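# A closer look at the structure
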Amino acid sequence: MGTRKRRKLIAGNWKMNKTPSQTKVFIEELNSELEGVHDRDAVICVPFVDIPAAVRTAKARCIAVGAQNMHHEASGAYTGEISSLMLQDLGVKYVIVGHSERRRDFNETDILVNRKLRAAFSGNMIPILCVGESMEQRERGVTEELISLQIKEALSGVEARHVRKLVIAYEPVWAIGTGMTATAADAQEVCSYIRAQLRRLFGAAAARSARILYGGSMNSKNAKDLLACPDIDGGLIGGASLSAEEFILIMEEAGRTPGYDGKS
Ligand code: PGA
């Protein structure tokens, strides 16, 4: 018990960028560079319409395809929406849930995030749950309270066996797309706090297995320090993930920092 290693995970969040043809070219480049990689995971979260091209092209064993959102119901009268059933049928393994851009632009509440998260688990997909504070909240000193609430609400009713597979991305809102990265020390502090919350709510085994990523202006230059932190198991990369070269450099960096060995 507790000896499973947490593999490093580098997840790209393309947001509303790249067409299906561009997706094919990008993933072909990744295939050749990451062909022999077996000790860490790469997930590319692409726009819905790019999913078939991404799944068809991804050949390297470490590459999985993710979605950036989904509806919480499996089917029904929800015009314009996409369900976990559809994503799973296409071969999608991961789904980003509760990204701050969706919380901000589409009024995604913690309750909705919880529904989506549970739908992802019942659809056998791995959710990448995003949490994080705004600059104003950081300055007011409420980061921990806010994150604790986001986690508690998002994971309400979720079983510990599912939490073991969960990925949480700590993304301070003020660091997303701004070029202002959190320092490795600040990011580690919050990620360790997140793990402590998981331990409190779901027990030590679940907290040891869940992977916690940092996200917010991460790139090939600052990845080294962030990935060296004991509670940071990878990154959720926006802007820098649009360049195959950058993405590959970050994957290489992840290969240089060993994953958690399961001893504590
Ligand atoms: P960024 O985006 O790397 O461009 O800051 C991260 C994200 O939004 O997930």
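Preceding this section is the structure that the text describes.
First things first, this report covers the structure right here in the doc. Because the structure is a prediction, the values reported are computed rather than measured.

## Structural notes on the layout of surface pockets
Of the pockets and cavities examined, the largest pocket occupies roughly 520 Å³. No other element matches the four residues that helix α4 (residues 100-105) contributes to the lining of the largest pocket. Across the lining of the largest pocket, the residue classes break down as eight nonpolar, six polar and six charged. The computed volume of the second largest pocket comes to approximately 340 Å³.

## Some words on the pattern of salt bridges
Throughout the structure, instances matching the rule amount to 17 salt bridges. Note that E108 is salt-bridged to K116, the shortest N-O span being 2.6 Å. Residue class for E108 comes out buried when judged on its relative accessible area of 6%. By relative accessible area, K116 is classed as buried at 5%. Of the charged contacts, one joins E133 and R138 as a salt bridge, the two residues approaching to 2.7 Å between their closest N and O atoms. Of the residues examined, E133 reaches a relative accessible area of 0% and is grouped as buried. In the salt-bridge network here, residues are joined through shared partners; they are R6, R195, D231 and D233.

## Details of the site of the ligand
Around the ligand sit 13 residues, and of these K15, H99, E171, G177 and S217 come closest. One nitrogen or oxygen atom from the side chain of H99 is found 2.7 Å from an oxygen atom belonging to the ligand. A distance of 2.7 Å is found between an oxygen atom of the ligand and a side-chain nitrogen or oxygen belonging to E171. Its free accessible area being 280 Å², the ligand has 96% of it covered by the protein chains. Class assignment of the residues belonging to the shell around the ligand gives a composition of four nonpolar, seven polar and two charged.

## Regarding the sheet that holds strand β7 (residues 211-215)
Read around the closed barrel, the eight strands follow the order β1-β2-β3-β4-β5-β6-β7-β8; overall the barrel is parallel. Within this sheet the neighbouring strands show an average axis-to-axis angle of 25 degrees, counted without direction. By the bridge criterion, six bridges tie strand β1 (residues 8-13) to strand β2 (residues 40-45) in an arrangement that is parallel. From the neighbouring strand, I10 faces β2, where its bridge partner is A42. Its contacts with the sheet place helix α9 (residues 184-202) against β5 (126-131), β6 (167-170) and β7, and it is angled at close to 145 degrees to β6.

Cut-offs and rules
Residues numbered from 1 in each chain as written. Predicted model: local features only at pLDDT ≥ 70, side-chain atom pairs only at ≥ 80, totals over all residues. Heavy atoms only, no water. 1 Å grid on protein atoms, 1.4 Å probe; cavity = no way out; pocket = protein on both sides within 12 Å on 5 of 7 lines; lining within 4 Å. Points joined across faces, edges and corners; volume = space filled by probe spheres on them. Helix = DSSP H or I, 4+ residues; strand = E, 2+ residues; numbered from the N terminus. Nonpolar A, V, L, I, M, F, W, Y, C, P; charged D, E, K, R; others polar. Salt bridge = Lys/Arg side-chain N within 4 Å of Asp/Glu carboxyl O. Buried < 20%, exposed > 50% of the residue type's maximum accessible area, 1.4 Å probe, protein only. Near = heavy atom within 4 Å. Polar contact = N/O pair within 3.5 Å; in protein donor to acceptor, adjacent residues only side chain to side chain. Areas by Shrake-Rupley, 256 points an atom, 1.4 Å probe, with all protein chains shown as cover. Pairing = 2+ DSSP bridges. Axes fitted to C-alpha atoms, helices over the stretch in contact; angles between N-to-C directions. Contact = heavy atoms within 4.5 Å.

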